[in-house]
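# Remarks on the overall topology
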Amino acid sequence: MVREFCIRKAHDERFIRVLSDRVVRQGTINERHISFINGQHITPGHSDMINIWAPTIHTILYFHLKNFPCVTSFLRNHKFLRIFEAMSENSTSLPSEVFDLFDLRYLALTCSSIPSTISNLMNLQTLIILPTSRFASANDHRRYWVGETNAWSHSPLPLEIWRMPQLRHVLLHHAVTLPHPPDGSNPPLENLQTLSYILNLVWNENVLLMIPNVKRLGLVYDIDVEFNLDLLRRLDKLEKLVIETGYTFEIRRLDKLFKVKTAGYTNYWRNSVNFPSTLKKLTLVGGGLPWKDMSVIGSLPNLQVLKLRNHACRGETWETVDGEFPDLRYLLIVGSVLQQWITESSHFPRLKYLVLRHCQMLREIPGCIGEIPTLEVIEVDSSNQFLVESAKQIKEDQESYGNYDLHVRVTHSREVRVLAILELYI
């Protein structure tokens, strides 16, 4: 009912026209924004569709297409498109007509490779590439985030991507390699704010110079070589960072990625490797950073969201210290062999939301966590009854002190899957 109301309201205000069948009424001829649903039942070559193929159209959104060929025949008639999105189930390449749409600002498509002709779209600001069903199931909400996809074999981005000065957001929902920019031959992509997810990127001065203003960055690594990640501290506009080392890399140490020598990696982490102080959101997946070296993260003054997944940290004990995590609001630990957590309420002075999942070795949540004045929710999954009872005990203790604002949430397997999708956007 809500959906139908929204569609009707969008029609009435001429925000967007949603079409769901083959019949296209004459009244749609002057529409500027059109969305097709149940696209597998729509044939653009159908005679009724000619009513909407007009130069007034600036936006076309297609969903559930079987193949791209059904849309290529009319793209030639829409040279002024600014927004084009087409989700195809089976196609692995892009229709060549897309690269003649010189006014495009936003392009979202499913494919497994991007040709060099992408640089024809000099006005493009947002590029979103989703994997096709050949590489990723539509139900695989985790994708490579937890190292459970084989989509890393996709073709690399073309070198010409560095010649698109208007780019603001590049979102690749499967990890893809990015060639190094030509030395000094291209101006920096000063408008680029989002770049994810890039596979096995080796950092150097030239890469840093090309993306000086990036705010959101996603990196995936599946081989054990030197990537010079210590240079990330030079990205002084960076606010959100995801680093994943993949399921085949879980037991390897993150210090190898930062070219740390075994004999002195602790000092290197604390004194030489620094994430940019501008970071607000950090996600680590795999890698095994020692819990004792968490100060490299705890010292970030603006960090508000920290997500540690799939053995992001290694060791049995995490002991926090005063003065760290000054602005942390959201802490998530998923898939850890942590056994003991030693902390004080003052170590997380602004924490609001604590999530612990698949921490089977952890037997209790420190009682002082409940004394954090800003804490609103403790969430645990039902698979660890020790943590369930510990969370409930903390809630009871707080209620005995008159604090009824703390809530305990116990999630089950199906709920965890849904929440995992939502957490991708936190």
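Above: the structure in question.
The structure contained in this document is the topic of the report that follows.

What counts, and at which threshold
Residues numbered from 1 in each chain as written. Predicted model: local features only at pLDDT ≥ 70, side-chain atom pairs only at ≥ 80, totals over all residues. Heavy atoms only, no water. Helix = DSSP H or I, 4+ residues; strand = E, 2+ residues; numbered from the N terminus. Contact = heavy atoms within 4.5 Å. Core = buried A, V, L, I, M, F, W, Y, C linked by side-chain atoms within 4.5 Å. Buried < 20%, exposed > 50% of the residue type's maximum accessible area, 1.4 Å probe, protein only. Salt bridge = Lys/Arg side-chain N within 4 Å of Asp/Glu carboxyl O. Polar contact = N/O pair within 3.5 Å; in protein donor to acceptor, adjacent residues only side chain to side chain. Phe/Tyr/Trp six-rings, centres within 6.5 Å; stacked < 30°, edge-to-face > 60°.

### Here we look at the overall build of the protein chain
Scanning the protein chain from N- to C-terminus turns up eight helices and 20 strands. Counted over contacts in the protein chain with a minimum sequence separation of 6, partners at least 24 positions apart contribute 53%.

### Section: the nonpolar core
If you look at the biggest cluster of nonpolar residues, it comprises 90 residues, and the most contacted ones within it are Trp203 and Ile297. Looking at this core element by element, the count peaks at four residues for helix H7 (residues 385–400). Not counting residues within four places of it along the chain, the set of residues in contact with Ile297 comprises Phe275, Leu282, Leu284, Leu289, Leu303, Leu306 and Phe325.

### Observations regarding the environment of Leu238
Relative to the elements of secondary structure, Leu238 occurs in the loop between strand E9 (216–220) and strand E10 (240–244). Classification of Leu238 by relative accessible area gives buried; the value is 0%. In this structure, the C-alpha to C-alpha distance between Leu238 and Gln193, residues 45 residues apart in sequence, is 8.6 Å. Discounting chain neighbours no more than four positions away, the residues touching Leu238 are Val214, Lys215, Arg216, Leu217, Pro276, Thr278 and Leu279.

### A word on unusual backbone geometry
Negative phi is the rule for most residues except glycine; trans is the rule for most peptide bonds. Of note, the amide linkage connecting Ser196 to Tyr197 takes the cis form, showing an omega dihedral of 0°. Tracing the backbone through its elements, the reader meets Tyr197 in strand E8 (residues 194–199). Even without being a glycine, Phe325 presents a positive backbone phi close to 50°. Tracing the backbone through its elements, the reader meets Phe325 in the loop between strand E15 (317–319) and strand E16 (330–334).

### A closer look at the pattern of salt bridges
If the charged atoms of two oppositely charged side chains come close together, the side chains can form a pair. Overall, the coordinates contain eight salt bridges when judged by the stated rule. In this structure, the salt-bridge partner of Asp327 is Arg329, at a minimum N-O distance of 3.0 Å. In this structure, the salt-bridge partner of Arg357 is Glu379, at a minimum N-O distance of 2.7 Å. Highlighted residues: Arg357 in strand E18 (residues 353–357) and Glu379 in strand E19 (residues 377–381), separated in sequence by 22 residues. Taking the relative accessible area as the measure of exposure, Arg357 reaches 2% and is therefore buried.

### Focus on the environment of Gln304
Tracing the sequence through the fold places Gln304 in the loop between helix H6 (295–298) and strand E13 (305–309). Linking Gln304 and Lys352, residues 48 residues apart in sequence, is a C-alpha distance of 10.0 Å. Beyond its immediate sequence surroundings of up to four residues, Gln304 is in contact with Lys280, Asp327, Leu328, Arg329 and Tyr330. At 3.4 Å, the side chain of Gln304 forms a polar contact with the side chain of Asp327.

### Side note on the packing of aromatic side chains
As enumerated under the stated definition, the model contains seven aromatic pairs in all. An angle of 80° between the planes, with centres 6.1 Å apart, marks the rings of Trp341 and Phe348 as edge-to-face. Overall, the relative accessible area of 0% leaves Phe348 in the buried class.

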